[in-house]
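Coordinate inspection notes
This is what each chain is made of:
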Amino acid sequence: MSHADRKRGNNEPVDTGKTIAFSINGVPCTAFKGETVIQAARRAGMDIPHFCWHPDLSVPGNCRICMVEVEQDKGDPWFDIGCNMPVTEGMRVLTESDTVKKLRRETMQFITLNHPVDCGICNKAGECILQDYHYEHNGRASLSIDRKNHATKFYPLSDRIMLDNERCIMCTRCVRFTHEVSESHALAAVHRGDHALIRPAEDANFNEDAYSDNVIDICPVGALLSRQNLDHARVWYTRATPSVCPGCSRGCSINIWHRKPEWALKALDPQLNTRIERVTPLENPAVNDMWICNKGRDLAQLFERPRAMQALVQGMPVELDVAIDRASALLRGARRVVALVSSWGSNEELAAFHGAFADRLGASMGAYAKPDQLPLPGEVLEDALLIKADKNPNLTAATARFPLLPADAAAALTDSDVVLVWGEGVADDVLPPGATVIRLDGYAFAHNATAHVFIPLSIQTERSGHYTNFAGTVTPFTACFPPKAPVAHAEQLFARLAGHPAPRALAGAGA
């Protein structure tokens, strides 16, 4: 039996080569041998309510909301939790019988016994399954007339995560995550019964868990809160755009959450309408399963750095077309050009660059792929779960087209009279003295003004494309916001730089 099967509570390994016929609510279904009722139902597109069960964690069976009924040929039916019940041949499962609904209502009464029911001020409202199940399976006020037990409000579990103990239903998903996925063992349950609390483990530091923020996503209620996103925006004002985390060569699939246009703010700072509200994992079994590291959560700090939005020639502001024409003339008149290619460029942009300069590459033009980003001090360099040492999203695709820039970059640039720098990671002191420098970038740096020509580019959140991760998996990303004019899209820019006919309308329309 695999470790994953044991974690998921399977009594025997799941064998996808052997199937079992059974039914749910009279509908014929097929389970793989070893699957539990909740797993088989989920694959069949049927939802059985669950709080403590999670498809990638062990099965404690402590919430009891997934209780189902099993019909018998003779005698009374029996009841058990679907998360830990193996499917057997011919089993007849009922998830919507009157008895199951009654048990579910009673379980909901128990789970919400001490819950503050403060949905109106809870950050989880709108995506809280306790809230959803209350409306779906109970919908009644508490039957209890006793005073609720009060617990600690806003207990800081770490510098990143706040715990509201009154909302916690002790499903222990967060504890199991730190033991079974991140393996920091940083959280534990203390005390017993209705006095039980989630607390940091005495011999661990939750701040050192590079994946700690995943517990916010898997918390089925609003007990675990992101301190940096607390009270930013209600979830129904925002929408998710699928994207790729550029933080390392893993290229995790993510959702970037931002304000819906129909809920755009008119009386406050308009930049709030194009702000990243939060970043969450987008399930992708081929790349990151359903997790991302904390660096992915902090992408707003990376994407929302000061932008470069002004084209420059010799440090002086010019129209974008003027800068492009000047750069094109310098490239065409050069004796030897060396281009330093961005590893943050998409597959489409790399192909566009290669195609535009194909007739010069290897002759009067050399090109090297370079890392735009290096590990920051204190950053986790690499681990066995997701984090990779290469801190660029597309160095794999870039080096498939161009050789990697040697460690002695200055030697590689010798004899060049024009250097084209696409992206970040190249300081002025690396470039040959006296060479003409053309820079293309999306962010504001002092060396933009010292280049002979600087052309501002759109960034990942303003364009769509694909990255190829370290294992060769290609993943798409989608634009979240309109470009901030006047900036150029790199994919459309390179043909004009090479002097080929191309549409002149390559600048962003502006936000």
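Residues numbered from 1 in each chain as written. Predicted model: local features only at pLDDT ≥ 70, side-chain atom pairs only at ≥ 80, totals over all residues. Heavy atoms only, no water.

Details of the overall build of the protein
Quick reminder of the rule: Helix and strand labels come from DSSP, where a helix needs a run of H or I of at least four residues and a strand needs a run of E of at least two; each type is numbered from the N terminus. Under the scheme applied here, a residue whose accessible area is under 20% of the maximum for its type counts as buried, over 50% as exposed, and between as partly exposed, the area being computed with a 1.4 Å probe on protein chains only. Contacts are residue-level and defined by heavy atoms, with any inter-residue pair within 4.5 Å sufficient. Only the protein chains shown count as cover for residues, and the accessible areas themselves come from Shrake-Rupley with a 1.4 Å probe. Under the counting rule used here, the positive set is Lys and Arg, the negative set is Asp and Glu, and His together with the chain ends is not counted. Every charge is mapped to an atom, namely NZ of Lys, CZ of Arg, CG of Asp or CD of Glu.
Counting secondary structure elements, the protein contains 14 helices and 22 strands. Projected onto its principal axes, the C-alpha coordinates of the protein cover approximately 90 × 55 × 45 Å. For the protein, the proportion of its 511 residues judged to be buried stands at 51%. Of the contacts formed within the protein by residues at least 6 apart in sequence, a portion of 64% connects residues at least 24 apart. As displayed, the protein offers around 23300 Å² of accessible surface, 54% of which is attributable to carbon and sulfur atoms. Charged side chains of the protein number 52 positive and 60 negative; the gap between the two group centres comes to 3 Å.

Considerations on the pattern of salt bridges
Heads up, the rule is: Definition used for salt bridges: Asp or Glu carboxyl oxygen within 4 Å of a side-chain nitrogen of Lys or Arg.
Applying the stated criterion to the full structure yields 25 salt bridges. Taking the shortest distance from any N to any O, the salt bridge between Lys 153 and Asp 164 comes out at 2.7 Å. On the criterion of sequence distance, the pair formed by Lys 153 in the loop between helix H4 (129-138) and strand S6 (155-156) and Asp 164 in the loop between strand S7 (161-163) and helix H5 (173-180) is long-range, its members being 11 residues apart. The exposure class of Lys 153 is partly exposed, given its relative accessible area of 34%. Here Arg 160 ties to Asp 213 by a salt bridge, and the two come within 2.9 Å at their closest N and O atoms.

What to know about the packing of aromatic side chains
The line we're drawing: Put simply, two rings from Phe, Tyr or Trp (the six-membered ring, in Trp's case) pair if the centres are within 6.5 Å, and we call them stacked under 30 degrees between planes, edge-to-face over 60, tilted for the rest.
In this structure the tally under the stated criterion is 10 aromatic pairs. When the centroid spacing of 4.7 Å and the interplanar angle of 50° are considered together, the rings of Tyr 237 and Trp 263 count as tilted. Taken together, the positions of Tyr 237 in the loop between strand S10 (224-226) and strand S11 (238-244) and Trp 263 in the loop between strand S12 (253-259) and strand S13 (276-281) put the pair 26 residues apart, joining distant regions of the chain. When its relative accessible area of 23% is taken as the criterion, Tyr 237 is described as partly exposed. A residue is classified by how much of its surface remains accessible, and Trp 263, at 41% relative accessible area, is partly exposed. On the basis of an interplanar angle of 85° and a centroid distance of 5.0 Å, the ring pair of Phe 353 and Phe 494 is categorised as edge-to-face. With Phe 353 in helix H10 (residues 347-356) and Phe 494 in helix H14 (residues 490-497), the pair connects residues that are 141 residues apart, well separated along the chain.

Quick notes on the packing of H10 against H14
Packed helices, taken two at a time, are described by the angle their axes make and the gap between the axes. This is how it is decided: The axes used here are C-alpha line fits, helices contributing only the stretch in contact, and every angle between their N-to-C directions lies in the interval 0 to 180 degrees. Angles are sorted into four bins: roughly parallel if under 35 degrees, roughly antiparallel if over 145, roughly perpendicular if 65 to 115, and oblique for all others. Amino acids outside the nonpolar list (Ala, Val, Leu, Ile, Met, Phe, Trp, Tyr, Cys, Pro) and the charged list (Asp, Glu, Lys, Arg) are all regarded as polar, and Gly is one of them.
One way to put it is that H10 packs onto H14 with a least axis distance of 8 Å and a crossing angle of 5°. Comparing their axes, H14 and H10 come out roughly parallel. When H10 is examined against H14, the residues Glu 348, Glu 349, Ala 352, Phe 353 and Ala 356 are found in contact with a partner set consisting of Ala 490, Glu 491, Phe 494 and Ala 495. Across the contact of H10 with H14, the residue classes break down as 6 nonpolar, no polar and 3 charged.

As for the sheet that holds strand S16 (residues 337-342)
The condition is simple: In this analysis, strands are considered paired if DSSP registers two or more bridges between them.
Overall, mixed pairing links the 7 strands, which are arranged S15-S14-S20-S19-S18-S16-S17 in an open sheet. On the outer flanks of this sheet lie strand S15 (316-317) and strand S17 (365-370), each paired with one strand and no other. Looking at chain direction, S16 and S17 are connected through 6 bridges and run parallel. Bridge pairing in S17 links Ser 342 to Lys 370. Here H14 sits on the sheet in contact with strand S18 (418-422), strand S19 (436-441) and strand S20 (453-456), set at roughly 155° to S19.

Description of the sheet that holds strand S5 (residues 92-94)
Spatially, 5 strands are ordered S2-S1-S5-S3-S4 in an open sheet, and the strand pairing comes out mixed. Two strands bound the open sheet, and with one partner strand each, they are strand S2 (27-33) and strand S4 (78-81). On average, adjacent strands in this sheet sit at an angle of 40° to one another, irrespective of strand direction. Sheet topology note: the strand S3 (residues 67-70)/S4 ladder contains 4 bridges and is antiparallel. From the neighbouring strand, Val 68 faces S4, where its bridge partner is Asp 80.

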